[in-house]
Amino acid sequence: MQLSYSALSIFKECPRFFWLDRNKKFMRPRGIFSSFPGGVDKILKDKLEAFRGKLPPALASCPELKGFELYSGSDLKKMRDWKTNPMKMSDDKGNILVGAFDDLLYNPTTEEYAMLDYKTKGSAADQAYCEKYYQTQIDIYTRFLELGGKKVANFGVLLYFWPTPTELLIDFIQKPFFLTPNTENAEKLFKDAVTCLEGVLPAPSLDCEWCRYGLRYPREE
């Protein structure tokens, strides 16, 4: 079984729909997805190439990043595609967890790596918001680095962009947030997700909006 970070996000939200999606191809209904974050992500990756081997202005003044730079290794292209990324997680049953990096920070002196991910939001982000929604991502991708034989820093970074009004109508605030990875939690989440898939269909959850609205699938005998 091949899983992804997004699949594990569904597992955390609702084990029932995770089980149905992976075992029965019964996907949770999806709303309209904005193309805006993807457009911003592409522009950011193109623009930040000019800072490869150093830090962009939004990160250069962070004391936590002293000695770090945007990673310039030739393997970054492969790591940005989950199909070619050599960094992954697996178990002894052949199950595999894959993902793709937005970017990496690297300290050539200490030889430490740190995950860097670009995020957008319609309003200001804060530390609590980042930890609530993206701690798992930091945990998993840092574990990928460890399993790939990389020495990791004690943080991962989310570089957030959100709009602010200006005389020229609109601009973007840029702010980095530092999260401490817990790679043991990444391993546990992967194991728990696999165990869920190997078991029976989980009961509906009152915390899941789709379960609450009466979406049902027959239980197996």
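Each chain carries its own residue numbering, running from 1 in the written order of its sequence. Reporting of local features is limited, given that this is a predicted model, to residues whose pLDDT is at least 70; pairs of side-chain atoms are given and counted only at 80 or more, and all residues count toward the totals for whole chains, interfaces and linings. Hydrogens and water molecules were not included; the side-chain quantities draw on all heavy atoms of the structure.

Side note on the environment of N95
Item 1. Summarising the element assignment, N95 is placed in the loop between β3 (89-90) and β4 (96-98).
Item 2. Put simply, N95 and R212 are 117 residues apart on the chain and 31 Å apart in space, counted from C-alpha to C-alpha.
Item 3. Aside from chain neighbours lying at most four places away, what touches N95 is M1, M89, S90, F190, V194 and E198.
Item 4. Any N or O atom pair separated by 3.5 Å or less is treated as a polar contact, with the protein-specific requirement of one donor-capable and one acceptor-capable atom, and with residues adjacent in sequence counted only for side-chain atom pairs. Looking at N95, its side chain comes within polar contact range of the main-chain nitrogen of M1, at 3.3 Å. Strands here are runs of E lasting at least two residues and helices are runs of H or I lasting at least four, both read from the DSSP assignment and numbered beginning at the N terminus. Whether two residues are in contact is decided by their heavy atoms: any pair within 4.5 Å suffices.

A closer look at the layout of surface pockets
Item 1. If you add up the space inside the largest pocket, you get close to 1900 Å³.
Item 2. The distinction between a cavity and a pocket rests on a 1 Å grid over the protein atoms alone: a 1.4 Å probe fits inside a cavity but cannot get out, while a pocket stays open yet meets protein on both sides within 12 Å along at least five of seven lines, and a residue with an atom within 4 Å of a point counts as lining. What lines the largest pocket is a set of 48 residues, and nearest its centre among them are Y5, S6, S9, F33 and Y134.
Item 3. Put simply, the parts of the chain that give the lining of the largest pocket at least two residues each are β1 (2-4), α1 (5-13), α2 (15-24), α3 (36-48), β6 (112-120), α6 (127-147) and α8 (209-212).
Item 4. Considering each element in turn, the lining of the largest pocket owes the most residues, seven residues, to α1.
Item 5. The nonpolar class holds Ala, Val, Leu, Ile, Met, Phe, Trp, Tyr, Cys and Pro. Asp, Glu, Lys and Arg form the charged class, and all remaining residues, Gly among them, are polar. Class assignment of the residues belonging to the lining of the largest pocket gives a composition of 24 nonpolar, ten polar and 14 charged.
Item 6. Grid points are joined across faces, edges and corners, and a volume is the space filled by probe spheres set on the points. In this structure, the second largest pocket encloses a volume near 260 Å³.
Item 7. Lining of the second largest pocket is provided by 14 residues; of these, V40, I43, L44, F161 and Q174 occupy positions nearest its centre.
Item 8. Among the secondary structure elements, those contributing two or more residues to the lining of the second largest pocket are α3, α4 (57-60), β8 (156-166) and β9 (169-179).
Item 9. It is α3 that contributes the most residues to the lining of the second largest pocket, six residues altogether.

A word on the pattern of salt bridges
Item 1. Basic side-chain nitrogens of Lys or Arg form a salt bridge, by our definition, when they fall within 4 Å of a carboxyl oxygen of Asp or Glu. Considering all chains together, one arrives at twelve salt bridges under this definition.
Item 2. Between D41 and K45 there is a salt bridge; the shortest N-O distance is 3.2 Å. Taken as a pair, D41 and K45 lie in helix α3 at a separation of four residues, close to a single helical turn. The same class applies to D41 as to K45, namely buried.
Item 3. In this structure, the salt-bridge partner of E49 is R80, at a minimum N-O distance of 3.5 Å. A residue pair is termed long-range when its members are at least 10 positions apart, and E49 in the loop between α3 and α4 and R80 in the loop between α5 (76-79) and β3 qualify at 31 residues. Relative accessible area decides the class of each residue, using a 1.4 Å probe on protein chains only: under 20% of the type maximum gives buried, over 50% gives exposed, and in between gives partly exposed.

Concerning the confidence of the model for the protein
Item 1. Here pLDDT means the predictor's own confidence in every residue, given as a number from 0 to 100. Overall, the prediction assigns the protein a mean pLDDT of 90, with 95% of residues at 70 or greater.
Item 2. Within the protein, α8 has the poorest average pLDDT of any element, 78, and strand β7 (residues 151-152) the best, 98.

As for the packing of α6 against helix α7 (residues 183-198)
Item 1. The geometry of α6 relative to α7 is characterised by a closest axis approach of 8 Å and an angle of 100° between their N-to-C directions. It follows from the interaxial angle that α6 and α7 lie roughly perpendicular. Across the interface between the two elements, T136, D139, I140, T142, R143, E146 and L147 from α6 touch T183, N185, A186, E187 and L189 from α7. The axes used here are C-alpha line fits, helices contributing only the stretch in contact, and every angle between their N-to-C directions lies in the interval 0 to 180 degrees. When describing relative orientation, an angle under 35 degrees is termed roughly parallel and one over 145 degrees roughly antiparallel, while 65 to 115 degrees is termed roughly perpendicular and anything else oblique.

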